[in-house]
Structures are given as structure tokens and as C-alpha cells.
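Chains, contacts and geometry: an overview
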Amino acid sequence: MFSLLHSALVSVSDTSSGTSRDWAAGAARIPFVYTAELRDTGAYGFVLPPAQIRPVGEETWAGAAALARFIQCVERQGGEATGCSRRGV
């Protein structure tokens, strides 16, 4: 299940720096940047078994749709995230 956090996100699993996400947030000042992480925990890497491809795609689509609704909510409120909870978007 996808959960959307609308506070500053710091992930202990995110050990990369100098990524396009960093550039987008810093140099380009894009207000919403994210990294999608799929369900695999390291067992399969980038080669998922065929039985997991559709569920991963469905989860990813649901997450992207929730993120889009959240961004629209924040933009409607002039940049304020208050009231744009993960349940209310």
C-alpha cells in the first residue's frame, strides 16, 4: 500500500547524492521531487518475476496518482499542505 508523506522526507535507505532529484530540487527549484522505490527488498533487483510485474505496476500507478492529487491540493491552496492529508487528497 502506498503512503504519502507531505513533510520533509529524509530516508535512511536513500544513500545517493548528486542525483537528478537533488539537481531538480536545488538548481531548478522544482517544488515537488521524489524517487519511486518499488516493492522488491533486494531479492530480485531489476528483474522481477513475471508474477510480480503487474502488482508492482498497479502499486506504482496508485502511488503516482496519489502524489498527483496531493500536488494539485497543495497548488489549489497556494502552496500550503495543511488539509492535504493522504486520506483527503
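It should be emphasised that the depicted structure is a prediction, and the values quoted were computed from it without experimental measurement.

The rules we used
Residues numbered from 1 in each chain as written. Predicted model: local features only at pLDDT ≥ 70, side-chain atom pairs only at ≥ 80, totals over all residues. Heavy atoms only, no water. Helix = DSSP H or I, 4+ residues; strand = E, 2+ residues; numbered from the N terminus. Areas by Shrake-Rupley, 256 points an atom, 1.4 Å probe, with all protein chains shown as cover. Disulfide = S-S within 2.5 Å. Buried < 20%, exposed > 50% of the residue type's maximum accessible area, 1.4 Å probe, protein only. Phe/Tyr/Trp six-rings, centres within 6.5 Å; stacked < 30°, edge-to-face > 60°. Expected span 1.5 Å × (residues − 1). pLDDT = per-residue confidence, 0-100. Contact = heavy atoms within 4.5 Å.

With respect to the overall build of the chain
A tally of regular secondary structure across the chain gives two helices and zero strands. For the chain, the computed accessible surface area is about 7100 Å², with 58% contributed by carbon and sulfur atoms.

Description of unusual backbone geometry
For Arg29, which is not glycine, the phi dihedral falls at a positive 55 degrees. One can find Arg29 in the loop between α1 (20–26) and α2 (50–76).

A look at the state of the cysteines
Under the criterion given, the structure shown has one disulfide. There is a disulfide in this structure between Cys73 and Cys84, and the S-S distance comes to 2.0 Å. Taking the sign of the S-S torsion, -85 degrees for the link of Cys73 and Cys84, the bridge is left-handed. One end of the pair, Cys73, is in helix α2; the other, Cys84, is in the segment after α2, with eleven residues separating them in the sequence. The same class applies to Cys73 and to Cys84, which are both buried.

Topic: the environment of Gly79
Position of Gly79 relative to the elements: it lies in the segment after α2. Distance in space between the C-alpha atoms of Gly79 and Pro31 is 9.3 Å, their sequence separation being 48 residues.

Description of the packing of aromatic side chains
What the rule picks out here adds up to one aromatic pair. A centroid spacing of 6.4 Å and a plane angle of 90 degrees characterise the contact between Phe32 and Phe70, whose relative ring orientation is edge-to-face. You can see Phe32 sitting in the loop between α1 and α2 and its partner Phe70 sitting in helix α2, a full 38 residues away along the chain. Residue classification places Phe70 among the buried positions, given a relative accessible area of 5%.

Section: α2
End to end, α2 covers 40 Å across 27 residues, agreeing with the expected 39 Å (1.5 Å per residue, within 8%). Of the residues flanking the end of α2, it is Gly78, one or two places downstream, whose phi is positive at about 70 degrees.

A closer look at the environment of Pro31
In this structure, Pro31 sits in the loop between α1 and α2. The exposure class of Pro31 is exposed, given its relative accessible area of 69%.

Looking at the confidence of the model for the chain
Regions with low pLDDT carry predicted coordinates that are not meant to be interpreted in detail. Here the chain shows a mean pLDDT of 77. Residues at 70 or above account for 78%. A low-confidence stretch, residues 1–12 (pLDDT under 50), is modelled with twelve contacts involving residues beyond four sequence positions or located in other chains.

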